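Topology and contacts: notes
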Amino acid sequence: MIKPIFTFIHVPDVHLSESFDALTPFMESVHEEQFHSSPDFIVFGGDNINGSRDDGAVCEREMPILKDKLRALKVPYHIFCHNHDTWGEECLGEQYRRYFGDEFNYSAHLPHGFVGIFMSGKYVENEVLIENAIDNASWLDQTLNKMENQKVLLFSHVPLFPPRKPVLSHILPTLKREGWQAYGFGLKPEVSKPFRDVIAKHGHVVAHYSGHCHVHSVIESRGTHYVTTASMSSQPWEYRYIEVYADRIVHRCISPHQLKRGVGFWTNCLNEDHSDVDCYHDGLSEERDFVIRY
Ligand SMILES: [Fe+2]
Ligand SMILES: [Fe+2]
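If you're wondering where the values come from, they're calculated on a predicted model, not measured in any experiment.

The next thing to look at is the pairing of strand E2 (residues 41-44). Note: strand E1 (residues 6-11) against E2, four bridges, orientation parallel. For Val11, the partnering residue across the bridge sits in E2 and is Phe44. A crossover links E1 with its parallel partner E2, the connecting element being helix H1 (residues 23-32), and its sense is right-handed.

Here it is, written out as structure tokens:
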């Protein structure tokens, strides 16, 4: 049997807080290797802590909890920050940098000529951005320029394409928040287009991985797959396990919740920011398990 050249996990939106911890069962799932082999690395894709818009000290309390828990992780990881990781801070990303290093954006060599690019940022709604952080297409352009002969896996928090189709009309009355739609969690087209144009210009970004909207999604555009992974903190309480081969990347969703802590633990932990819509966050079968070929 052909083995993958490397494997990794994409786990955005852990939303760790003082009262809710989906990180521990996630780490147990990884360490026990019940659902998959140990990956070569893990990518924590933003909203790693829950934060609070109304609490200026929440990042100061939650970021060290995150750092402490990750000390026990036996697998190398990459991490970057986004909206929940910076909420309430006067100097956005101050606590993130204190515990995870100065660089908001960085790249790392991966096996067999692959490169990972990891970009932090703050959700853009005509708000001030983190100084020197993502939301900076020219930084991405310059970085991709230096990697012309390599295959790039690009990671940031907010989808660059509106994720998934709209909520079906018969489900709309069940939404917790009127008008909630996953595509409302994507960057506005005028903000995301410069990034998509840079990606298409270079033509060697195999996939962009995002989270933020807590649904599974995948869209192909101009040679790049735009993959959104749902959340460990709200339905369907899943992460993605990804195998990279010489000619393809294989994706599948992992659901440790049924065996970890019991369903009651998870259903008590829904994030009010994200609706609990049966059969919606879970994704279509082709959004859950799929193969990118190149
Ligand atoms: Fe989130
Ligand atoms: Fe988010």
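What follows is about the pairing of strand E7 (residues 205-210). Burial analysis of E7 places five of its six residues in the buried class, which makes it a mostly covered element. The pairing of strand E6 (residues 151-155) with E7 spans four bridges and is parallel. Bridge pairing in E7 places Leu154 opposite His208. With four bridges connecting them, E7 and strand E9 (residues 224-228) associate as parallel partners. Bridging across to E9, Ser210 finds its partner in Thr228.

Moving on to the confidence of the model for the protein. Averaged over the protein, the pLDDT score is 84; the fraction of residues at 70 or greater is 80%. A low-confidence stretch, residues 130-134 stays under pLDDT 50, and its non-local contacts, those more than four residues away or across chains, total 19 contacts.

Here we come to the nonpolar core. Core analysis: the biggest nonpolar cluster contains 51 residues, and Ile9, Val11, Val14, Phe26, Val43, Phe155 and Met232 have the highest contact counts within it. With near-sequence residues (within four places) excluded, Met232 lies in contact with Val11, Asp13, Val14, Ala22, Phe26, Trp237, Glu238 and Tyr239.

This part takes up unusual backbone geometry. Unusually for a residue other than glycine, Asp47 sits at a positive phi of about 55 degrees. You can see Asp47 is positioned in the loop between E2 and helix H2 (58-70).

About the thresholds
- Residues numbered from 1 in each chain as written.
- Chains lettered and ligands numbered in written order.
- Predicted model: local features only at pLDDT ≥ 70, side-chain atom pairs only at ≥ 80, totals over all residues.
- Pairing = 2+ DSSP bridges.
- Helix = DSSP H or I, 4+ residues; strand = E, 2+ residues; numbered from the N terminus.
- Right-handed = clockwise from strand over helix to strand, strands pointing away.
- Buried ≥ 20, exposed ≤ 12 C-beta atoms within 10 Å, placed from the backbone.
- pLDDT = per-residue confidence, 0-100.
- Contact = placed C-beta atoms within 7 Å.
- Core = buried A, V, L, I, M, F, W, Y, C linked by C-beta atoms within 7 Å.

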